[in-house]
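# Summary of the model geometry
For reference, the chains in residue letters:
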Amino acid sequence: MTLVTLAASAGYTTPPLWRILTKSGYFIGLSGAIGATVTYAAALRPALRTPGHERGAVDVLRRRTALYLAWAGVVLLVSGYFQLAGRVARAGKGMPFGDALAPGAIGDFLGAPAAKGAWVAQGTVYVAQNALVVLASAALVALFFPRVRRHLDALALTALPLALAVTLVGAIPATAPKDASKSFDLVFDQVHIVSGTVWTGGLAALAGLATTRGRLGESAGALWADVWRRFSLVALVCVGAVLTSGLWMSWKHVGGIDQLWTTRYGFFLLVKILLVLSMVAAGGVNQFWLMPRITRARRADATAPLFHLTLRHFPKVVRAEVALGLAVLAVVPFLSGSARSEAGSPQPVASGSIISVGAALVLTLAASLYITVRTSDALARREESVAAA
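Position numbers for residues count from 1 along each chain, tracking the sequence in the order it is written. In keeping with the predicted nature of the model, local features appear solely for residues at pLDDT of at least 70, side-chain atom pairs appear and are counted solely at 80 or more, and the whole-chain, interface and lining totals rest on all residues. Excluding hydrogens and water, the side-chain values take into account all heavy atoms of the structure.

## Comments concerning the overall build of the protein chain
Helix numbers and strand numbers start at the N terminus; a helix is a DSSP run of H or I with at least 4 residues, a strand a run of E with at least 2. Scanning the protein chain from terminus to terminus reveals 14 helices and zero strands. For the protein chain, the α and β elements follow one another from N to C terminus as α-α-α-α-α-α-α-α-α-α-α-α-α-α. Each residue's exposure class comes from its accessible area (1.4 Å probe, protein chains only) as a fraction of the maximum for that residue type: buried when under 20%, exposed when over 50%, partly exposed otherwise. Counting every position in the protein chain, which comprises 389 residues, the buried fraction comes to 46%. When checking whether two residues touch, look at their non-hydrogen atoms; a contact exists if any pair is within 4.5 Å. Taking the intrachain contacts of the protein chain between residues at least 6 apart in sequence as the baseline, contacts between residues at least 24 apart amount to 81%. A total accessible area of about 18300 Å² is found for the protein chain, and carbon and sulfur atoms account for 67% of it. Only the protein chains shown count as cover for residues, with accessible areas throughout obtained via the Shrake-Rupley method and a probe of 1.4 Å.

This is the structure in structure tokens:
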């Protein structure tokens, strides 16, 4: 089926350009703030605090990290504002996006009374969400000032829960979910967003920080080996969460495999799935090929090969993952509606058997990720024994 034919699918409306840009931009902003702060807390900070790393490399990475986080705060603030204006443009009967940027229009939207049956006004939820955007951005933007950078740990660890709360608070429904299935939708949607932003945003942060290699000596390879090892574990958890939540969301919105190419929603979902699987494959290259070689070089105290692997080879693959991640974010705005609605399929029911099957799939996925880690370790030991022989 051609793209022209798909465009005629019933029940699907192509989003306007401003909607595409504001939604993609918002997720880029979230990825920058959430991904960078989580990566700092889970990978960078522990590596920087580990004794034995070259002091000069540690100082360079700390300064570059502070600047990266500061710019992430700027992007979050700007993208959050445009996302809010987008909500105003879509509210009620709608209005031109240019008009929705006006403070008066935004004020009217946020101050609108609660709908009948709602426990809170939707505008109140968005007020809280955007207050968190401002607080998280302020904590990060403060890192532009050299004197403030001495408090990098405190500011980054303060911004982390605030950035996470931006998406979590924004998802709070103004009315109670109708059934358990709707509650599962809310939970899995947030799991998908948080894990995806940590994964993509963390990769982007490390790819950006790895450009400091021209200012580093070869001994910095040990520091970066530590960073990549720690982030690899974070990425594995994110991959598991993205795939698990993605399975639920796909089941809710797609009634059959054929709907992936017979509906517009399904087509864009298929593109997203292929992009995500490509990211997983690129991550597999790092996990099964580069990480064992890095481990071998580190144990052998091979300074030059370790630097080459951690700051040349590894970042190349990561940059490819970042490009794929950005492509995923570009596709997200097109995932509106449902393939089931377009195809006239009945809405699914979350029965006990479905939940049991889902739980079995989650356990299987968790086992496969554990096997991945063990296999990577085994490959590293094998390479080390071959080198010793």
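Now that the structure is up, let's keep going.
## Re the pattern of salt bridges
Whenever a carboxyl oxygen of Asp or Glu lies within 4 Å of a side-chain nitrogen of Lys or Arg, that contact is scored as a salt bridge. Evaluated as defined, the whole model comprises seven salt bridges. Residues Asp59 and Arg55 are paired through a salt bridge, measuring 3.4 Å at the closest nitrogen-oxygen approach. A residue pair is termed a helical-turn pair when its members lie 3 or 4 positions apart in one helix, as Asp59 and Arg55 do in helix H3 (residues 55-90) at four residues. On the accessibility criterion, Asp59 (28% relative accessible area) is partly exposed.

## Structural notes on the side chain of Thr197
Here Thr197 shows up in helix H8 (residues 180-209). The exposure class of Thr197 is buried, given its relative accessible area of 2%. Among residues more than four places away in sequence, those in contact with Thr197 are Phe27, Leu30, Ser31, Ile34, Gly35 and Gly202.

## Thoughts on the packing of aromatic side chains
Each pair of aromatic rings taken from Phe, Tyr and Trp, with Trp reduced to its six-membered ring, is defined by centres within 6.5 Å and is described as stacked if the planes are under 30 degrees apart, edge-to-face if over 60, and tilted in the remaining cases. Counted according to the given criterion, the structure contains 15 aromatic pairs. With a centroid separation of 5.2 Å and 25° between ring planes, the pair formed by Phe188 and Trp248 is classed as stacked. Within this pair, whereas Phe188 is found in helix H8, its partner Trp248 is found in helix H9 (residues 220-253), the two being separated by 60 residues in sequence. There is no split in this pair, since Phe188 and Trp248 are both buried.

## Regarding the nonpolar core
For our purposes a nonpolar core is just a set of buried Ala, Val, Leu, Ile, Met, Phe, Trp, Tyr and Cys residues, chained together by side-chain atoms within 4.5 Å. Core analysis: the biggest nonpolar cluster contains 91 residues, and Leu30, Trp199, Leu206, Leu216 and Trp224 have the highest contact counts within it. Elements represented by at least two residues in this core include exactly helix H2 (17-49), H3, helix H6 (122-141), helix H7 (152-170), H8, H9, helix H11 (264-299) and helix H12 (303-331). It is H2 that provides the largest number of residues to this core, a total of 13 residues. Once you skip the residues sitting within four places of it in the chain, Leu216 turns out to touch Ala57, Val60, Trp224, Phe307 and Leu311. One finds Leu84, Phe97, Ala100 and Ala105 within the second-largest nonpolar core, a separate group that totals 10 residues.

## Section: the side chain of Ser232
Tracing the backbone through its elements, the reader meets Ser232 in helix H9. Setting aside anything within four residues of it in sequence, one finds Ser232 in contact with Gln287, Met291 and Phe314.

## Considering H6
Working rule for helices: expected span equals 1.5 Å times residues minus one. The first and last C-alpha atoms of H6 sit 28 Å apart over 20 residues, in line with the 28 Å expected at 1.5 Å per residue. Along H6, the positions that sit buried rather than exposed are Gly123, Val125, Tyr126, Gln129, Asn130, Leu132, Val133, Ala136, Ser137, Ala139 and Leu140. For H6, the secondary structure elements touched by its buried residues are H2, H3, helix H5 (103-110) and H7.

## With respect to the environment of Asp226
Relative to the assigned elements, Asp226 resides in helix H9. The spacing of Asp226 and Thr50 is 176 residues in sequence and 9.0 Å in space, taken between C-alpha atoms. Here Asp226 is in contact with Ala47, Thr50, His53 and Arg298, once residues within four sequence places are set aside.

## A word on the packing of H2 against H8
The contact between H2 and H8 brings their axes to 6 Å, and the two run at 75°. On the basis of their axis angle, the class for H2 and H8 is roughly perpendicular. Together, Phe27, Leu30, Ser31, Ile34, Gly35, Ala36, Val38, Thr39 and Leu44 of H2 and Ile193, Thr197, Val198, Gly201, Gly202, Ala205, Leu206 and Leu209 of H8 make up the contact between the two elements. Note on geometry: axes are C-alpha line fits, over the in-contact stretch for helices, and angles between N-to-C directions span 0 to 180 degrees. Throughout this description, any angle smaller than 35 degrees is read as roughly parallel, any larger than 145 degrees as roughly antiparallel, any in the 65 to 115 degree range as roughly perpendicular, and the remainder as oblique.

## Side note on the packing of H3 against H9
Where H3 meets H9, the closest approach of the two axes is 8 Å, and the angle between their N-to-C directions is 50°. Classed by the angle they form, the pair H3 and H9 counts as oblique. The interaxial crossing formed by H3 with H9 has right-handed handedness. Taking contact as the criterion, the partners of Ala57, Val58 and Leu61 in H3 are, on H9, Ala220, Leu223 and Trp224. Class assignment of the residues belonging to the contact of H3 with H9 gives a composition of six nonpolar, no polar and no charged. The sense of a crossing depends on the near helix, which, turned anticlockwise from the far helix by less than a right angle, makes the crossing left-handed and, turned clockwise, makes it right-handed. In the scheme used here, Gly and all other residues not listed as nonpolar or charged are polar, with Ala, Val, Leu, Ile, Met, Phe, Trp, Tyr, Cys and Pro taken as nonpolar and Asp, Glu, Lys and Arg as charged.

Function cannot be inferred from these measures alone, as they are strictly geometric.
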